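# Architecture at a glance
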Amino acid sequence: MGKRSSRDITRRGFIKGTGAASLILFIGGVPLLISACGEKKETIKIGLSTPSTGAAAEKGQVLEHGNKDAIKYINEEKGGVGGYKIELVWMDNGYNAAAMVNNVNKFMDSRCVTFGCSSSAMMAAGMSVANQNGFSGLAVYGAPVIYRPPQHIYGQLPDYGDDFVVFAQYYKNHLWDGQGKPTVVMHLLNNSTGYGAYDGARAKAAEMGIELLEPVFEHTASTTSETTSLNSIRSLDPDILYIASTPKPSSVIIKNANELGMTGGRMKIACGHAGMTKALVDLAGADVSEGVYGLFPTVNWDDNVPGMAKVKEYCQRYHPADFGNMDYIASWCQSLIMVKAAELAIEAIGYESLSKGNQGAWKNFEDYGIKALNNYDVEGLQGPVSYTPGDNRLSKSLRVFQVQGGNINPVTDWIEAPVIEYEKLDWFGKI
Amino acid sequence: MHLPAGIRNFTYAEDMAIFRTRTQWVLLILLFVLLFTIPLFMGNYWLSIIIIIAITIIAALGLNLLTGYCGQLSIGHAGFIAVGAYTSAILTGQYEVPFLLGMLGGGLMAGLTGLLFGLPSLRVKGFYLAITTIAAQFIIMWVISQWGTMTGGFVGLTVPAAEILGFSFTSSTSKYYLVMTICVIAVFVAKNLARTRPGRAFVAIRDNDLAAQVMGINLFRYKLLAFFTGCFFAGIAGSLLAHCYYGFLNPEFFSIKESILYVGMIIIGGLGMTLGPIFGVVFIRLLERLLSLELVPFLESTITVFPSGWASGVTPMLFGLIIVLFLIIEPRGLAHRWNKFKNSYRLWPFSY
């Protein structure tokens, strides 16, 4: 074997040199590659995140389907918005806060003009990043802490605090026939879904002549029995048991209450709109949930409104298992509202300004799209949507429903929830 | 440490050096250059992933000191992270303490909490200590959620952005630099802590606490020191999570699942090595994103015979399967595999 000269490349030298060259190419070449990549044109990008896996999957998947089907309807039958197709950037957050923050950053990087989120807890996780960057978002379900003080997150529907206020109003006017003040006990999901309703109760109960009994009871999303807490509630003998939760834990509470003989009597059970869906009736059983009241901010499936035909058509075609679930309608409406805002923005400032998907585009979308919404009827599927300065809830109307014969039927017309300036209350969100 | 052929140590300083050869120094400098030029070519999304990885590394380093070096199993790490997060948020939000002091305050409070819950380690060990730390997780989160007037309870707590000398860290790039700087410092501290007298005491306690005591190591002092140090790191990570990642705190962000995930990270990465938590965290966080962002949409769009949404359940299933397979194939962790690779590279073509 010949003697190796100092000029010969050794194996290690070769590997070192290759590694160094690769690193330099990577650092220098990646920006070039990224800038060279073309992007799809002629679309408006909208970001959407749903908890399609994890603790809230039973709601998240239905919400995902409603969103996607509505976008499909807009693209296929209406040709998109202003002649431009809607490109949906959908990401599952898995009901995980860290994933939600990543998702919001992904939406911003993907040049979405706005984003939507179904879950109040997940919107709470992602709203800080969105607010810091001026990136507007639309929450299907929200708690007061998401909208107060008003920044860049908007509520498609009234928040959980509004649910309580509207039900309390309905109860006093139509169901209460006693003397003095009706008493209410709250059973809350241990997150902003539950405590958002508590905020509304604390803010308005006394003013409405309702006595809020303490303590409030809370449960987790994975609870399997609330018999202990319900026994305590039974000893308090309230007029109203208000459950602010998602369908699965709500159904557990209602079933346990039924087992303890607390249903069908003087005490009324009411659910906030996070729980008042077909899934609740399916999980609890039609007999057990008979007579349960609830709030919901959209129409139900039997309402004869202009948009219902398409909702039914697409649901039965693509997701028949979701038929009858009002979450599907809620997320369908969310897509319609975001598209309407995009339409208004395109009419006002043109496609080019929005397509950049940068901070300027986000501001334009918010100023000329969301804030331009004025009495948009959402094809009759929910209360009218309007932006009011100082109030980021785009719709303030709710209806009271009741489970009757296994169906969720409305018992009132639209009731408007008042604005509550929570940030002026010394106990709200302060430490 | 194995050294390349022809390299010898002639002084104690050379023998103790972490970076001994010119190649190692060059690679280290290149790594720093890469780390600090990343924002030039990565968008908000990847920066946010790297930020959460860096914050998780800080927390995992603390857990590795406690569990990997000292052998005190802790399955309540997310609780200690929460203590640091809320303490820092309250100090900066209500008392207008500067961010750096608030962060240190968060670390100290988490460390003191770790001291408190580390007291049982003097009487119990192994699985019994693990149960104690699980109890710590639940107790801490219960206190946080019930102490609504201070922590905001389940409604949540808005956290001000990190601010140093009037500069507010609100953009992804600025947050990245802040978090990465603290992460590098944390790795440096953890590496050197393991080489000090307390670090050697931790290892002695882990290997045989009775023998360590016989040798004169004060178990009481060093076990509590391990808990304090590990939880201090967790508190620092919590503060960064609050100010530089979420911007809003809710008890749901610090669940028992997170605590178990941290234990999984240090096991997969390699216990008892500073590099272990780094590998473990990067592997787990990237795997999470790969499965949920790439695999699920691919499966949904490719296999349409099943009902829509079927692939969402694949993520947790595959995640668990990969972790189990990994533990079977390489139970000593990624860092051990990396060390084996380096040694074989140095010794090639010889096998030893």
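Residues numbered from 1 in each chain as written. Chains lettered and ligands numbered in written order. Predicted model: local features only at pLDDT ≥ 70, side-chain atom pairs only at ≥ 80, totals over all residues.

### With respect to the overall build of chain B
Looking only at helices and strands, one finds 15 helices and four strands in chain B. Its C-alpha radius of gyration of 21 Å places chain B within 12% of the 20 Å reference for a compact globule of 352 residues. Here chain B holds 352 residues, and 47% of them are scored as buried. Sequence separation of 24 or more characterises 75% of the internal contacts of chain B that already satisfy a separation of 6 or more. (Helix = DSSP H or I, 4+ residues; strand = E, 2+ residues; numbered from the N terminus. Rg over C-alpha atoms; globule rule 2.2 N^0.38 Å. Buried ≥ 20, exposed ≤ 12 C-beta atoms within 10 Å, placed from the backbone. Contact = placed C-beta atoms within 7 Å.)

### Looking at the overall build of chain A
Scanning chain A for helices and strands turns up 15 helices and 14 strands. Considering only C-alpha atoms, chain A reaches an extent of 105 × 55 × 45 Å along its principal axes. Taking all 431 residues of chain A together, the buried fraction comes to 56%. Long-range contacts, defined as pairs at least 24 residues apart, comprise 71% of the intrachain contacts of chain A with a sequence gap of at least 6.

### Comments concerning the packing of helix α4 (residues 77-93) of chain B against helix α12 (residues 256-269) of chain B
Residues and elements named next belong to chain B. For the pair α4 and α12, interaxial distance at closest approach is 7 Å and the crossing angle is 115°. Here α4 lies roughly perpendicular to α12, going by the angle between them. Every residue of α12 that contacts α4 at His77, Ala78 and Gly79 is listed here: Glu258, Ser259 and Tyr262. Its residues placed into classes, the contact of α4 with α12 shows two nonpolar, three polar and one charged. (Axes fitted to C-alpha atoms, helices over the stretch in contact; angles between N-to-C directions. Parallel < 35°, antiparallel > 145°, perpendicular 65-115°, else oblique. Nonpolar A, V, L, I, M, F, W, Y, C, P; charged D, E, K, R; others polar.)

### Looking at the sheet that holds strand β3 (residues 114-117) of chain A
Residue and element names in this part refer to chain A. A sheet is described by the order of its strands in space; here five strands give the open sequence β2-β1-β3-β4-β5, paired in parallel fashion. Of all the strands in the sheet, the pair left with one neighbour each is β2 (85-92) and β5 (153-155). The mean inter-strand angle of the sheet, taken between neighbouring strand axes irrespective of direction, is 25°. As defined by bridge partners, β3 adjoins strand β4 (residues 137-139) across three bridges and the pair is classed as parallel. The residue bridging Cys117 from the neighbouring strand is Ala139, located in β4. (Pairing = 2+ DSSP bridges.)

### Brief notes about the environment of A:Asn190
Among the secondary structure elements, A:Asn190 is positioned in the loop between β6 (183-189) and α7 (192-204). Judged by the 21 C-beta atoms lying within 10 Å of it, A:Asn190 is buried. With 141 residues separating them along the chain, A:Asn190 and A:Ser331 place their C-alpha atoms 24 Å apart. Each residue touching A:Asn190, except ones within four places of it in the same chain, is listed here: A:Glu218, A:His219, A:Thr220, B:Ser145 and B:Phe154.

### Topic: the domain arrangement of chain A
How big an interface is tends to be reported as the loss of accessible area on association of its parts. Residue and element names in this part refer to chain A. When the domains of chain A are assigned, the result is domain 1 (43-158 + 303-395) and domain 2 (161-296 + 418-424). Look at where the C-alpha atoms of domain 1 and domain 2 centre, and you get two points 28 Å apart. Facing the 19 residues of domain 1 at the interface are 22 residues of domain 2. Taken together, the elements giving at least two residues each to the side of domain 1 that touches domain 2 come down to α2 (57-77), α4 (120-133), α5 (144-147) and α13 (326-349). With three residues, α4 is the single largest residue contributor to the side of domain 1 that touches domain 2. (Domains from an automatic or database assignment.)

### A look at the interface of chain B and chain A
In this complex, chain B contributes 42 residues to the contact, which on the side of chain A involves 39 residues. Mapped by element, the contributors of at least two residues to the side of chain B that touches chain A are α2 (22-41), α3 (44-69), α4, α7 (148-151), β1 (157-158), α11 (219-246), α13 (275-302) and α14 (314-329) of chain B. Classifying every residue of the side of chain B that touches chain A by side-chain character gives 19 nonpolar, 22 polar and one charged.

### With respect to the nonpolar core
Counting residues in each nonpolar core, the largest one holds 230 residues, and the members touching the most others are B:Ile55, B:Ile58, B:Val179 and B:Tyr246. Here this core gets 18 residues from one element, more than from any other, and that element is α3(B). Each of two domains, domain 1 (43-158 + 303-395) and domain 2 (161-296 + 418-424) of chain A, supplies a minimum of three residues to this core. In this view, B:Ile55 contacts B:Val179, B:Ala237, B:Leu240, B:Leu241 and B:Tyr245; residues no more than four positions away in its chain are not counted. (Core = buried A, V, L, I, M, F, W, Y, C linked by C-beta atoms within 7 Å.)

### Quick notes on the pairing of β6(A)
All names here are of chain A. For β6, the buried fraction is high: six of the seven residues fall into the buried class. Two strands pair when backbone bridges link them, and β6 and strand β9 (residues 240-244) are joined in this way by five bridges, in the parallel orientation. The residue of β9 that forms the bridge with Met186 is Tyr242. Relative to strand β8 (residues 217-219), β6 runs parallel, the two sharing three bridges. Each residue of the ladder has a partner; that of Leu188, found in β8, is Glu218.

### Observations concerning unusual backbone geometry
In this model, A:Arg148 is joined to A:Pro149 through a cis peptide bond whose omega is -10°. That bond from A:Glu214 to A:Pro215 is cis: its omega, 0°, falls within 30 degrees of zero. Mapped onto the elements of the fold, A:Pro215 is located in the loop between β7 (211-212) and β8. The residue A:Tyr95 is not glycine, and still its phi comes out positive at about 55°. If you trace the backbone, A:Tyr95 turns up in the loop between β2 and α3 (97-109). Judged by the 24 C-beta atoms lying within 10 Å of it, A:Tyr95 is buried. Backbone geometry places B:Leu165, a non-glycine residue, at a positive phi of 50°.

### Re the environment of B:Val83
Relative to the helices and strands, B:Val83 is located in helix α4. Measuring from C-alpha to C-alpha, the distance between B:Val83 and B:Ser145 comes to 12 Å, with 62 residues separating the pair along the chain.

### Details of the packing of α3(B) against α11(B)
Residues and elements named next belong to chain B. As a packed pair, α3 and α11 sit with axes 7 Å apart at the nearest point and diverge in direction by 170°. Considered as vectors, α3 and α11 are oriented roughly antiparallel to each other. Crossing of α3 over α11 shows left-handed handedness. Across the contact of α3 with α11, the residue classes tally to 21 nonpolar, three polar and no charged. (Left-handed = near helix turned anticlockwise from the far one by under 90°.)

### Regarding the pairing of β2(A)
Looking along a regular strand, one sees the side chains alternate between the two faces of the sheet. All names here are of chain A. Summarising the sheet, strand β1 (residues 43-50) and β2 pair through eight bridges and their orientation is parallel. Within β2, the position partnered with Ile46 by the bridge is Leu88. The handedness of the β1 to β2 crossover, carried by α2, is right-handed. (Right-handed = clockwise from strand over helix to strand, strands pointing away.)

### Brief notes about the confidence of the model for chain A
In this model, chain A carries a mean pLDDT of 87, and residues with pLDDT of at least 70 account for 91%. Note on residues 35-40 of chain A: pLDDT under 50 across the span, and one contact to partners over four residues away in sequence or across chains. (pLDDT = per-residue confidence, 0-100.)

### A closer look at α13(B)
Note on helix geometry: an α-helix contains 3.6 residues per turn, so any two residues three or four positions apart are oriented the same way. Residue and element names in this part refer to chain B. The first and last C-alpha atoms of α13 sit 38 Å apart over 28 residues, in line with the 40 Å expected at 1.5 Å per residue. Leu291 marks the point of greatest bend in α13, at about 30°. Along α13, the positions that sit buried rather than exposed are Gly276, Pro277, Ile278, Phe279, Gly280, Val281, Ile284, Arg285, Glu288, Ser292 and Val296. (Expected span 1.5 Å × (residues − 1). Bend = angle between axes of the 7 residues up to and from the residue.)

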